[in-house]
Amino acid sequence: MLKRYLLAPGPTPVSPEVLLAMAKPVIHHRAPEFAELFGEVREGLKWLFQTKNDVLILASSGTGGMEGAVANFLSPGDRALVVNGGKFGERWGKICKTFGAHVTEIKVEWGHAVDPQAVADVLKKDPAIKAVYVQASETSTGVAHDTKALAEVVRTCEGTILVVDAITALGVFDIQTDAWGLDVVVTGSQKALMLPPGLAFVSVSEKAWQVAEKARNGAFYFDLKKERASQVKNQTAYTPAVSMIIGLQEVLRTLKAEGLDAVFARQERLAHAMREGVKAAGLSLFPKMSPSNALTAISAPDGVDGQAIYKNLRVQYGITAAGGQDHLKGQIFRIAHMGYVDTFDVIMSLAAVEMVLKSLGHSIKLGSGVAKAQELLLAKS
Ligand SMILES: *Cc1c(COP(=O)(O)O)cnc(C)c1O
């Protein structure tokens, strides 16, 4: 028997309480019980997104939310600026091109965060740009972009909106949708929201709705205006993922009971212990700056194949982490610590990494990373 541990940067573990909640009988989405449930989760999402605006709930993976965040705001021929610092930045570009937008890309070296001044320079040269697309946390490299600073740049440009993929950021670290002026914020269920895959969430500012008014809408299923018209009445345009929404109610109640600041502090504590543990084990972090608290991207030591580390974690110890993508394949491996995770997920994953490296012939002192994490995570009496 091999006990399984899910420490991938999505999907993430789901708590027994949430699994049980989702096992409840399905209710009909036009019945009054659903409207009551939907009303509660809509309010909870506004709290989580730190916004007064509606947060639309879609039945799709996170990419469906991203597609909606392109199709509803850009018409064919419109200009878009994409920050591409990894696989998910690249995805913004692909979606924009699919909907006929003219894309300018800021290529950011993998492992680095975008310089907000670079965005300011492009917008100054090309004020016709309708939307700027960025990740709050680029999961392929483990780097967080400074969306607060980017919003300061974009908010001065009339007619330009900032669209943030916060799929591994929201619920991990502070994302102040309204206070910072993030126009469209997207997240998904299977990352920090600790649900199974299947829901996407999109908040839209007043400025962004005005842009949407003028756009020639290229969406049918992901038509956000149509969804808003239904969702403000606690209904959805089409059949919602009812059981997932029941699970979401449970997640939001748990997060509320903990408090947003406490959630961010816990995620920070775990991420810090993981990073320090990695360094104490003699390994190096892949991000060259601003590491995301959602996951840790670790460089494979010289002479060790990163894919072998990732594969052995799964085969030898039942731990599903992630490897590197594209040119980082074999160079890095990634371990997530967002959502339903705690002290021992960090300690266990550091222990397993040390054991795998040792069995791959790398010289490592067993327990070196673990001891550092234990020290940092020791409960204060
Ligand atoms: C997981 C993820 C997505 C969405 O992926 P789906 O597989 O469509 O849910 C998008 N952006 C980032 C940064 C992610 O981590």
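Look above for the structure.
Residues numbered from 1 in each chain as written. Predicted model: local features only at pLDDT ≥ 70, side-chain atom pairs only at ≥ 80, totals over all residues. Heavy atoms only, no water.

Draft legend 1. Local environment of the packing of helix α3 (residues 62-71) against helix α4 (residues 87-98). Closest axis-to-axis distance for the α3/α4 pair is 10 Å, and the angle between their directions is 50 degrees. It follows that α3 is oblique to α4 by the angle criterion. Viewed along their axes, α3 and α4 form a crossing whose handedness is right-handed. The residues of α4 that touch α3, namely those facing T63, M66, E67, A69 and V70, are F88, R91, W92, I95 and C96. Partitioning the contact of α3 with α4 into residue classes produces seven nonpolar, one polar and two charged. (Axes fitted to C-alpha atoms, helices over the stretch in contact; angles between N-to-C directions. Helix = DSSP H or I, 4+ residues; strand = E, 2+ residues; numbered from the N terminus. Parallel < 35°, antiparallel > 145°, perpendicular 65-115°, else oblique. Left-handed = near helix turned anticlockwise from the far one by under 90°. Contact = heavy atoms within 4.5 Å. Nonpolar A, V, L, I, M, F, W, Y, C, P; charged D, E, K, R; others polar.)

Draft legend 2. Spatial organisation of the site of the ligand. Taken together, the neighbourhood of the ligand is formed by 13 residues, with S61, T63, T139, D165 and K191 sitting nearest. Between the ligand and T63 there is a distance of 2.4 Å, counted from an oxygen atom to a side-chain nitrogen or oxygen. K191 is positioned with one of its side-chain polar atoms (N or O) 2.7 Å from an oxygen atom of the ligand. Contact with the protein chains removes 87% of the 380 Å² of surface that the ligand exposes when unbound. Within the residue set of the shell around the ligand, elements represented by two or more residues are α3 and α4. A per-class count over the shell around the ligand returns three nonpolar, seven polar and three charged. (Near = heavy atom within 4 Å. Polar contact = N/O pair within 3.5 Å; in protein donor to acceptor, adjacent residues only side chain to side chain. Areas by Shrake-Rupley, 256 points an atom, 1.4 Å probe, with all protein chains shown as cover.)

Draft legend 3. Broad picture of the side chain of D183. Take D183: it is sitting in the loop between α7 (177-180) and β9 (184-188). Despite its burial, D183 remains without a salt bridge, the nearest opposite charge being carried by K207 at 4.5 Å. For D183, the side chain forms a polar contact with the main-chain nitrogen of L162, separated by 2.9 Å. Dropping the residues within four chain positions of it, D183 is found in contact with T160, I161, L162, S203, V204, S205, K207 and A208. (Buried < 20%, exposed > 50% of the residue type's maximum accessible area, 1.4 Å probe, protein only. Lys, Arg positive; Asp, Glu negative; His and termini not counted. Salt bridge = Lys/Arg side-chain N within 4 Å of Asp/Glu carboxyl O.)

Draft legend 4. Molecular detail of the packing of aromatic side chains. Under the criterion given, the structure shown has five aromatic pairs. Considering the side-chain rings of Y221 and F222, the 4.9 Å spacing of their centres and the 75 degrees angle between planes classify their relative orientation as edge-to-face. Ring centres of Y221 and Y238 lie 5.6 Å apart, and the angle between their planes is 25 degrees; this geometry places the pair in the stacked category. In this pair, Y221 sits in the loop between α8 (206-214) and α9 (224-231) while Y238 sits in the loop between α9 and α10 (242-258), placing the two residues 17 residues apart along the sequence. (Phe/Tyr/Trp six-rings, centres within 6.5 Å; stacked < 30°, edge-to-face > 60°.)

Draft legend 5. Local environment of empty space enclosed by the protein. One pass over the full model with this rule turns up three cavities of 30 Å³ or more. Taken as a whole, the largest cavity spans an internal volume of roughly 90 Å³. Lining the largest cavity are 14 residues, and of these I57, L58, A59, E227 and P240 lie nearest its centre. Counting residues per element, the ones that place at least two in the lining of the largest cavity are β2 (55-59) and α9. No other element matches β2, which puts three residues into the lining of the largest cavity. Of the residues assigned to the lining of the largest cavity, the class counts are 10 nonpolar, three polar and one charged. (1 Å grid on protein atoms, 1.4 Å probe; cavity = no way out; pocket = protein on both sides within 12 Å on 5 of 7 lines; lining within 4 Å. Points joined across faces, edges and corners; volume = space filled by probe spheres on them.)

Draft legend 6. Summary view of the sheet that holds strand β12 (residues 295-299). Sheet architecture is open: four strands sit in the order β11-β12-β15-β14, paired in antiparallel fashion. At either margin of the open sheet sits one strand with a lone partner, and together these are β11 (284-285) and β14 (322-323). Both β11 and β12 contribute to a ladder of two bridges, which runs antiparallel. From the neighbouring strand, L285 faces β12, where its bridge partner is I298. (Pairing = 2+ DSSP bridges.)

Draft legend 7. A look at the layout of surface pockets. Of the pockets and cavities examined, the largest pocket occupies roughly 340 Å³. Contributing elements (two or more residues each) for the lining of the largest pocket: β1 (5-6), α1 (16-22), α10 and α13 (343-359). Of all the elements, α10 adds the most residues to the lining of the largest pocket, at five residues. Of the residues contributing to the lining of the largest pocket, the split by class is 11 nonpolar, three polar and eight charged. Looking at which domains feed residues into the lining of the largest pocket, each of domain 1 (16-257) and domain 2 (259-379) gives three or more. (Domains from an automatic or database assignment.)

Draft legend 8. The pairing of β12, seen in detail. In terms of burial, β12 is a largely internal element, five of the five residues being buried. Here five bridges tie β12 to strand β15 (residues 332-336), and the two strands are oriented antiparallel to one another. Note on β15: the bridge partner recorded for S299 is I332.

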